[in-house]
Amino acid sequence: MESVRKMEDVAEQVSTIGKWKLKVIKDDRSAIQKKTFTKWINTYLIKVGQTIEDLYMDLQDGNKLITLLEILTGDRLPRERGKMRFHKLQNVENCLAFLKRKNIKLVNIRNDDIVDGNPKLILGLIWTIILNFEISHDPESQASAKANLIDWAKRACRGYKGVEVRNFTTSFKNGMAFNAIIHRFRPDIIDYEKLIPENAEENLENAFSVAEEELGIPRLLDVEDFLIDELDEKSIMTYLSAFNRMYSKVPTEEELAIKMYSDRINSDAKKLLTWLKTNIDRLEKRIYKMEPELFEKYKEDLQHLKEEELPNKLELKEFLADCYKNIESAEAEDSLTTDVTMDKLNHYWDAFERCLADKEACVQNESDRISAQNELADKIQEKADE
């Protein structure tokens, strides 16, 4: 009997520990959801000069919930201006009724749940709004929203070493998938080859910071959100939806190659144009009666410009001219975009050549003037010495 009791005690302890761990996991997820959903709401409320700080408290009167729905849909909702409980209940009810008219299903969410600050149901309501207006955009296809988003992420990450998207939790834990998605659409801002799968925290920070600074995607998630055992699927889906909205179409390998070709042309053309403008400004500066030491330095710089820099830039110009011809004759002409036209480059190149020719003539004239001046000075000195 004693052994039986001990076994029962052990079983009870295991059960207690299991329940405690489950509660910790749920608490962690709720905390992350609360933070993520708060940040998400603020990305919209900030447009009208508003924000919330506490998700459970700041939606209780229904006013900011109404504002959020108005921003998301462009519709106008009735609003009670009073501060009594009746007014709060009516504002929230207006929101719930509006969502139902949009064919959005609300499961066991009543207006008094929101007014009373019920954490679970408030999180449920905001997730329903995110799912319908941020991820799905169509209440009729709400059931397939998750499948569509995971399919998009799989296609975006296809071919990236060390990345296999199977879900919205463990597949994103080490940060490689986030970086792969950014690199797929903007290979110029992520050095994917330098990332190490084992450096999860660095990978996550890199993706979040680059997305925020280069793409303008708000940092809804933090690195510490991924340091727990069970990640929050809904928060990760909310964050990914921003990338999906920005880059809904995953490019093919051919389209990526075309984009990289186009980006290189644009980059080289801009560099050449900047070089031309900079040197035109330099060549237009006066050199008459310049100090001898400065004049000699100027001549050296001009010689370097003509003999070292100019041949390389001429080669680049000819390369770009061939590229522009290829674009004009290519079937994918509509896919290729150039910010600097060849006509513009030719215009500045002609201006540069004129300035260079004029400056060489000026340098020669100044050199002749200085030589004549020195000869005259020598003659005067000779006569003075006689």
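For clarity, every value in this text was computed on a predicted model and none was experimentally measured.

**Details of the overall build of the chain**
- Secondary structure assignment for the chain yields 13 helices and zero strands.
- Ordering the α and β elements of the chain from the N terminus gives α-α-α-α-α-α-α-α-α-α-α-α-α.
- Counting the 386 residues in the chain, one finds 40% classified as buried.
- Put simply, of all contacts in the chain between residues at least 6 apart along the chain, 64% involve residues at least 24 apart.
- Of the roughly 23000 Å² of accessible surface on the chain, 50% is carried by carbon and sulfur atoms.

**Examining the packing of helix H3 (residues 63-73) against helix H6 (residues 119-136)**
- For the pair H3 and H6, interaxial distance at closest approach is 12 Å and the crossing angle is 10°. Regarding the angle of H3 to H6, the classification is roughly parallel. Contact with H3, carried on its side by Leu65, Leu69, Leu72 and Thr73, involves Leu125, Ile126, Ile129 and Phe133 of H6 and no other residues of that element.
- Of the residues assigned to the contact of H3 with H6, the class counts are seven nonpolar, one polar and no charged.

**Some points on a negative patch on the surface**
- Together, Glu375, Asp378, Glu382 and Asp385 make up a region of like negative charge exposed at the surface.
- For aspartate 378, the location among the structural elements is in helix H13 (residues 342-385).

**Observations concerning the side chain of threonine 36**
- Here threonine 36 is to be found in helix H1 (residues 2-45).
- The buried category is assigned to threonine 36, whose relative accessible area is 0%.
- The contact partners of threonine 36, leaving out residues within four places of it in the chain, are Leu220, Leu221, Ser235 and Thr238.

**Digging into helix H4 (residues 85-101)**
- Compared with an ideal rise of 1.5 Å per residue, which puts 17 residues at 24 Å, H4 spans 24 Å between its outermost C-alpha atoms and is within 8% of the ideal.
- Within the span of H4, buried status applies to His87, Asn91, Val92, Asn94, Cys95, Leu96, Phe98 and Leu99.
- Against H3, helix H5 (111-115) and H6 lie the buried residues of H4.
- Two residues or fewer past H4, asparagine 103 is found with a positive phi of approximately 65°.

**Comments concerning the packing of aromatic side chains**
- One pass over the structure, following the stated rule, counts 15 aromatic pairs.
- Judged by centre distance (6.3 Å) and plane angle (10°), the ring pair of phenylalanine 37 and tryptophan 127 falls under stacked. With phenylalanine 37 in helix H1 and tryptophan 127 in helix H6, this pair connects stretches of sequence that are 90 residues apart. Each member of the pair phenylalanine 37 and tryptophan 127 is classed as buried.
- Taken together, the ring pairs connect Phe168, Phe172, Phe178, Phe208, Phe226, Tyr239 and Phe243 into an aromatic cluster.
- Its end group placed over the ring of tryptophan 349, lysine 317 keeps NZ or CZ at 5.5 Å from the ring centre.

**What to know about the pattern of salt bridges**
- As enumerated under the stated definition, the model contains 23 salt bridges in all.
- Linking arginine 245 and glutamate 134 is a salt bridge whose minimum nitrogen-to-oxygen distance equals 2.2 Å. Taken together, the positions of arginine 245 in helix H10 (residues 233-246) and glutamate 134 in helix H6 put the pair 111 residues apart, joining distant regions of the chain.
- Note that glutamate 360 and lysine 306 form a salt bridge whose closest N and O atoms lie 2.6 Å from each other. A residue pair is termed long-range when its members are at least 10 positions apart, and glutamate 360 in helix H13 and lysine 306 in helix H12 (residues 292-329) qualify at 54 residues.
- Overall, lysine 306 belongs to the partly exposed group, its relative accessible area being 40%.

**What to know about the side chain of asparagine 63**
- Positionally, asparagine 63 belongs in helix H3.
- With sequence-adjacent residues up to four places away left out, asparagine 63 is seen in contact with Arg79, Glu80 and Asn91.

**Things to note about helix H8 (residues 176-185)**
- Of all 10 residues in H8, 10 are buried, a share of seventy percent or more.
- Taken residue by residue, H8 has Met176, Ala177, Phe178, Asn179, Ala180, Ile181, Ile182, His183, Arg184 and Phe185 as its buried positions.

**What to know about the packing of helix H9 (residues 200-215) against H10**
- Following both chains from N to C, one finds H9 and H10 inclined at 40°, their axes separated by 13 Å at the closest point. For the element pair H9 / H10, the angle class is oblique. Of the two elements, H9 crosses H10, and the hand of that crossing is left-handed. In this structure, H9 contributes Ala207, Phe208, Ala211 and Leu215 to the contact, and H10 contributes Tyr239, Phe243 and Met246.
- Broken down by class, the residue content of the contact of H9 with H10 amounts to seven nonpolar, no polar and no charged.

**Description of the nonpolar core**
- Ranked by size, the top nonpolar core spans 81 residues in total, and within it Leu55, Ile126, Ile129, Phe172, Phe178 and Phe243 carry the most contacts.
- A total of 11 residues in this core trace back to one element, the largest contributor, which is H6.
- When residues no more than four places from it in sequence are discounted, the contact partners of phenylalanine 172 are Ala153, Val165, Asn167, Ala177, Phe178, Ile181, Leu204, Phe226, Ile236 and Leu240.
- Ranked by size, the runner-up nonpolar core spans 26 residues in total, among them Leu276, Leu283, Met342 and Trp349.

The rules we used
Residues numbered from 1 in each chain as written. Predicted model: local features only at pLDDT ≥ 70, side-chain atom pairs only at ≥ 80, totals over all residues. Heavy atoms only, no water. Helix = DSSP H or I, 4+ residues; strand = E, 2+ residues; numbered from the N terminus. Buried < 20%, exposed > 50% of the residue type's maximum accessible area, 1.4 Å probe, protein only. Contact = heavy atoms within 4.5 Å. Areas by Shrake-Rupley, 256 points an atom, 1.4 Å probe, with all protein chains shown as cover. Axes fitted to C-alpha atoms, helices over the stretch in contact; angles between N-to-C directions. Parallel < 35°, antiparallel > 145°, perpendicular 65-115°, else oblique. Nonpolar A, V, L, I, M, F, W, Y, C, P; charged D, E, K, R; others polar. Patch = residues over 30% accessible without salt bridge, like charges linked within 9 Å, V, L, I, M, F, W, Y side chains within 5 Å. Salt bridge = Lys/Arg side-chain N within 4 Å of Asp/Glu carboxyl O. Lys, Arg positive; Asp, Glu negative; His and termini not counted. Charge placed at Lys NZ, Arg CZ, Asp CG, Glu CD. Expected span 1.5 Å × (residues − 1). Phe/Tyr/Trp six-rings, centres within 6.5 Å; stacked < 30°, edge-to-face > 60°. Lys NZ or Arg CZ within 6 Å of the ring centre and 35° of its normal. Left-handed = near helix turned anticlockwise from the far one by under 90°. Core = buried A, V, L, I, M, F, W, Y, C linked by side-chain atoms within 4.5 Å.

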